[in-house]
Amino acid sequence: MTTSFLLPRLAVVVLNWRQADATLECVRSVAGSDYDNLDIYVCDNDSQDGSFEKILSGLSASLENINALRAAQAHHAFELAAPSSALMRSDPCIRQHPDDGIRRITVLDTGKNGGYAYGNNVGLKLALQESGVDFFWILNNDTVVDRLAARGLVDAMRSDETIGICGSTVLYMNSDKVQTLGGGKFLPWKARCEQLGTGMSLGETSAEYDVERSLDYVNGASAMVTRRFLQTVGLMDEMYFLYYEEIDWAVRARSAGFRLGYCRESLVYHQVGASSGTADDGDSSNLSVYYAERSKFKFLLKHYPSFLLVAIPLLGREYVRRIARRRQASANAMLRGAFKAFFR
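Rules and cut-offs
Residues numbered from 1 in each chain as written. Predicted model: local features only at pLDDT ≥ 70, side-chain atom pairs only at ≥ 80, totals over all residues. Heavy atoms only, no water. Helix = DSSP H or I, 4+ residues; strand = E, 2+ residues; numbered from the N terminus. Contact = heavy atoms within 4.5 Å. Areas by Shrake-Rupley, 256 points an atom, 1.4 Å probe, with all protein chains shown as cover. Core = buried A, V, L, I, M, F, W, Y, C linked by side-chain atoms within 4.5 Å. Buried < 20%, exposed > 50% of the residue type's maximum accessible area, 1.4 Å probe, protein only. Salt bridge = Lys/Arg side-chain N within 4 Å of Asp/Glu carboxyl O. Pairing = 2+ DSSP bridges. Axes fitted to C-alpha atoms, helices over the stretch in contact; angles between N-to-C directions. Parallel < 35°, antiparallel > 145°, perpendicular 65-115°, else oblique. Left-handed = near helix turned anticlockwise from the far one by under 90°. Nonpolar A, V, L, I, M, F, W, Y, C, P; charged D, E, K, R; others polar. Disulfide = S-S within 2.5 Å. Expected span 1.5 Å × (residues − 1).

Caption draft 1: Structural context of the overall build of the protein chain. Within the protein chain one finds 11 helices and 13 strands. Principal-axis analysis of the C-alpha atoms gives the protein chain an extent of 65 × 45 × 35 Å. Within the protein chain, counting contacts between residues at least 6 apart in sequence, those at least 24 apart form 77% of the total. Here the protein chain has roughly 14,600 Å² of accessible surface; of this, 52% comes from carbon and sulfur atoms.

Caption draft 2: Structural detail: the nonpolar core. Residues Phe-136, Ile-165, Phe-229, Trp-249 and Phe-299 are the most contacted members of the largest nonpolar core, which totals 59 residues. The next biggest cluster of nonpolar side chains, apart from the first, holds 37 residues, and it includes Leu-7, Tyr-35, Phe-135 and Val-145.

Caption draft 3: Structural detail: the pattern of salt bridges. Inspection of every chain in the model, using the stated rule, returns 19 salt bridges. The salt bridge partner of Glu-194 is Arg-192, with a shortest N-O separation of 3.7 Å. Given a relative accessible area of 34%, Arg-192 falls into the partly exposed group. Within this structure, Arg-9, Asp-39, Arg-103 and Glu-130 form a network of salt bridges that share partners.

Caption draft 4: Region of interest: the sheet that holds strand β10 (residues 192–195). Taken in spatial order, the three strands line up as β10-β9-β11 in an open sheet, and their pairing is antiparallel. Across the chains shown, the open sheet's two edge strands, defined by having one partner strand only, are β10 and β11 (217–218). Relative to β10, strand β9 (residues 183–187) runs antiparallel, the two being bridged by four bridges. Bridge pairing in β10 places Gly-184 opposite Gln-195.

Caption draft 5: Region of interest: the packing of helix α10 (residues 308–324) against helix α11 (residues 328–342). Direction vectors running N to C along α10 and α11 enclose 160 degrees, while the axes themselves pass 8 Å from each other. Viewed along their axes, α10 and α11 adopt a mutual orientation that is roughly antiparallel. Crossing angle aside, the handedness with which α10 passes α11 is left-handed. Across the interface between the two elements, Leu-308, Ile-312, Leu-315, Glu-318, Tyr-319, Arg-322 and Ile-323 of α10 pack against Gln-328, Ser-330, Ala-331, Asn-332, Met-334, Leu-335, Ala-338 and Phe-342 of α11. When the residues that make up the contact of α10 with α11 are grouped by side-chain class, the tally is 10 nonpolar, three polar and two charged.

Caption draft 6: Seen up close, the environment of Glu-245. Along the chain, Glu-245 falls in helix α8 (residues 245–255). Here the alpha-carbon distance between Glu-245 and Ala-329, two residues 84 residues apart in the chain, equals 25 Å.

Caption draft 7: Structural context of helix α5 (residues 149–159). Among the residues making up α5, those that are buried are Ala-149, Ala-150, Gly-152, Leu-153, Val-154, Ala-156 and Met-157. Looking at the buried residues of α5, the elements they touch are β1 (9–16), β5 (133–140), β6 (143–145), β7 (163–172), β12 (222–226) and β13 (259–270).

Caption draft 8: Representation of the pairing of β12. Counted residue by residue, β12 has five buried out of five residues, so it is predominantly covered. Burial of the side chains of β12 extends over both faces: Ser-222, Met-224 and Thr-226 are buried on one face and Ala-223 and Val-225 on the other. For β5 and β12, the ladder comprises five bridges, and the chain directions are antiparallel. Bridging across to β12, Ile-138 finds its partner in Ala-223. Across three bridges, β7 lies against β12 in antiparallel orientation. Residue Ile-165 lies in a different strand from β12, and its bridge partner there is Val-225.

Caption draft 9: Molecular detail of the environment of Thr-23. Within the element layout of this structure, Thr-23 appears in helix α1 (residues 20–31). A relative accessible area of 0% places Thr-23 in the buried class. Residues Thr-23 and Asn-141, spaced 118 residues apart in sequence, show a C-alpha to C-alpha distance of 4.8 Å. Apart from the residues lying within four places of it in its own chain, the contact partners of Thr-23 are Val-14, Asn-16, Val-42, Ile-55 and Asn-141.

Caption draft 10: Structural context of the state of the cysteines. Counted by the stated rule, this structure contains zero disulfides. Cys-166 supplies the cysteine sulfur nearest to Cys-193, a cysteine that is in no disulfide, at a spacing of 19 Å. Here Cys-193 falls in the partly exposed class, since its relative accessible area comes to 23%.

Caption draft 11: Representation of the pairing of β1 within the structure. Across the eight residues that make up β1, a large majority, eight, are buried. Along β1, one buried face is formed by Arg-9, Ala-11, Val-13 and Leu-15 and the opposite face, lined by Leu-10, Val-12, Val-14 and Asn-16, is buried too. As paired strands, β1 and β5 are joined by seven bridges and run parallel to one another. Across the sheet, residue Leu-15 finds its bridge partner in β5, namely Asn-140.

Caption draft 12: Examining helix α9 (residues 286–303) more closely. Counted at 1.5 Å a residue, the expected span for α9 with its 18 residues is 26 Å, and the 26 Å between its end C-alpha atoms agrees. Here α9 has its buried residues at Ser-288, Val-289, Tyr-290, Tyr-291, Glu-293, Arg-294, Ser-295, Lys-296, Phe-297, Lys-298, Phe-299 and Leu-300. Where α9 is buried, its residues meet β9, α8, α10 and α11.

Written out as structure tokens, the structure is:
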């Protein structure tokens, strides 16, 4: 069977961990995109709460409606695929399908909860085996995408081959308030990251050029990369487990001669921290605090060890501040995370 597609082939990777309902909503929004030539990979990080089965059955039940909406846009129908869990555990890179012109939603069990980078890498590896896939879009499972979001990112990357990672305008769910314009900056004197545009309204957002000049990393809620980027820079570093994968990728991208891109018209709506307990208002879960601190110090040790002279005193100051505010558990989680970065 030979099928003609007008746009480049795109693989979308969505990682799930114990958030089946959010993942189903995300996948359905992607399937409704104004983009015909795409495959979707839903990677469950061994949730062990029935998520895998719920996602598979939910997509099976809604596949007819999904394909009816695609037919209304003159798009090809999806098929649903579920590789054997045992097969995926033994070889997550195994090629499942030749390019037969059929586009699929593939639901797979990654075999373990190896973290954000690990789970997404399983999907990326599988998609890389498919001939003709030129673009790879990583989406948080607690997002819903505008129907033109995928096309906007692909068009932006096709217009400039030096772009290695391209981000979207990420808005808070059911709002026109910005969470981030593409990504953020790394502030060495504060030893932390800061997102661009947080709190702005959509109408106040800046042009791509102004944002791209400020970007130090692309937010992982919506990040598109190319095959050439993956073949040159490689996959995400799995040592982080959670947080700082994006900025690590960005540092490596720039070292390899790529730049970071931003597409203003690519709109993605995000329910922040559904799985990890992250909160933009600073009231994050202790688990989130632990991994954020651990990953920060891992990142500094890997790329900017001289900044530890700033980060360690700031850690002590923040610990005292949290103790003074009677947030003992949060303070302890922060210290444990930093300690684990140095002593695995």
